[in-house]
Amino acid sequence: MKSVLLIGMGKFGCILGEKLIGMGDEVVAVDKNEEIIDTVAPLYTDARIMNCMVLDHLKTLDVSAFDVCVVSIAEDFQASLEITSNLKDLGAKRVVARASTEIQRKFLVRAGADEVVYPDQDVAEKLAIRMNSENVINYIDLDAEYSIFEIELPPKWLKRRLADINPRAKYGMNLLMVKRGEEVIANLDGEFVFEAEDQPVVFGNAEKILAFANKKGKK
C-alpha cells in the first residue's frame, strides 16, 4: 500500500485515483474546483479544495509524508510546472507529472519530476499496435527496444509442449507466463502443454514479436 497525493482531478486524475484506491492505496485528492472535490470526496482517504499554485497552501499538505505525488493537471502547463518544482522543494520523495508534448516533458524533468507520463500518447500507441496486429491483446513498453506482449495463442502451438516449441531459441522471445481464463500460470516447465484458451505473455524485442504475431501467429 502506498500513500499518494493526487493534484488535479480531471478525467485522467479521477481514473488514476479510482484505480489506486481499488488497489488499496491511501489517496489524498486535491483540486481547486469545489464542485469536483464535492463529487469525488467520498471515494478518497481525504479530499481538499486547494489552489496548489499558492506555495503556502501546498505547505499544509506535508508532501514529504507521501510515497508519491502526482501532478495530473492537463489544461494549465505553467501550473503543472510550478507545482512540480515546489513539490520537490518541499521534500517530495517522488513526483510524477503529466505532459502532452516532448517539450513539456523536458521542462518538467528540469523542474524536478522523477517521472513524466503521456496518457494521450500511450493510449494512441497502444491502439495503433492493436489495430495493426489482431493477435496482440496488450503490451507494455520497457524501453525503446524491448516490450512485454500478451498475444493470442499461435495455432501451431496448440496441444504442443513448451520444450518442443522453444520460443526463446526459435523466435527470440521469452515466455513469462500463460493466462488461461481467470488463471495465471507462472511456473512453466518444458512439459507444459498449450490449450486452446491460453494467452501467452512474452518478453523480447518489440519488432520481432510484432512480426511473429502478425505473420507466423496466423499460420
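Calculation criteria
- Residues numbered from 1 in each chain as written.
- Predicted model: local features only at pLDDT ≥ 70, side-chain atom pairs only at ≥ 80, totals over all residues.
- Heavy atoms only, no water.
- Patch = residues over 30% accessible without salt bridge, like charges linked within 9 Å, V, L, I, M, F, W, Y side chains within 5 Å.
- Areas by Shrake-Rupley, 256 points an atom, 1.4 Å probe, with all protein chains shown as cover.
- Salt bridge = Lys/Arg side-chain N within 4 Å of Asp/Glu carboxyl O.
- Helix = DSSP H or I, 4+ residues; strand = E, 2+ residues; numbered from the N terminus.
- Buried < 20%, exposed > 50% of the residue type's maximum accessible area, 1.4 Å probe, protein only.
- Arc of directions from axis to C-beta.
- Contact = heavy atoms within 4.5 Å.

Q: Would you explain a nonpolar patch on the surface in this entry?
A: On the surface, I140, L142 and Y146 cluster together into a nonpolar patch covering about 280 Å² of accessible area. Secondary-structure assignment places I140 in strand β7 (residues 136-141). With relative accessibility at 48%, the residue I140 sits in the partly exposed group.

Q: What's the story with helix α5 (residues 102-111) in this structure? I'm lost.
A: Turning to α5, its buried residues are Q104, L108 and A111. Take α5 and look down its axis: the buried residues cluster within an arc of 55°, on one side only. Opposite the packed face of α5, turned more than 90 degrees from it, sit the exposed residues I103 and R110. Next to the buried residues of α5 lie α4 (77-89), β5 (95-98) and β6 (115-117).

Q: Looking at this structure, I do not really get the pattern of salt bridges. What am I missing?
A: Charged atoms that come close allow side chains of opposite charge to pair. A complete count under the given rule lists nine salt bridges for this structure. E102 serves as the salt-bridge partner of R105, at 2.8 Å between the closest nitrogen and oxygen. With R105 and E102 both in helix α5 and three residues apart, the pair spans about one turn of that helix. R105 gets classed as partly exposed once you look at its relative accessible area, which sits at 27%. For E102, a relative accessible area of 39% translates into the label partly exposed.

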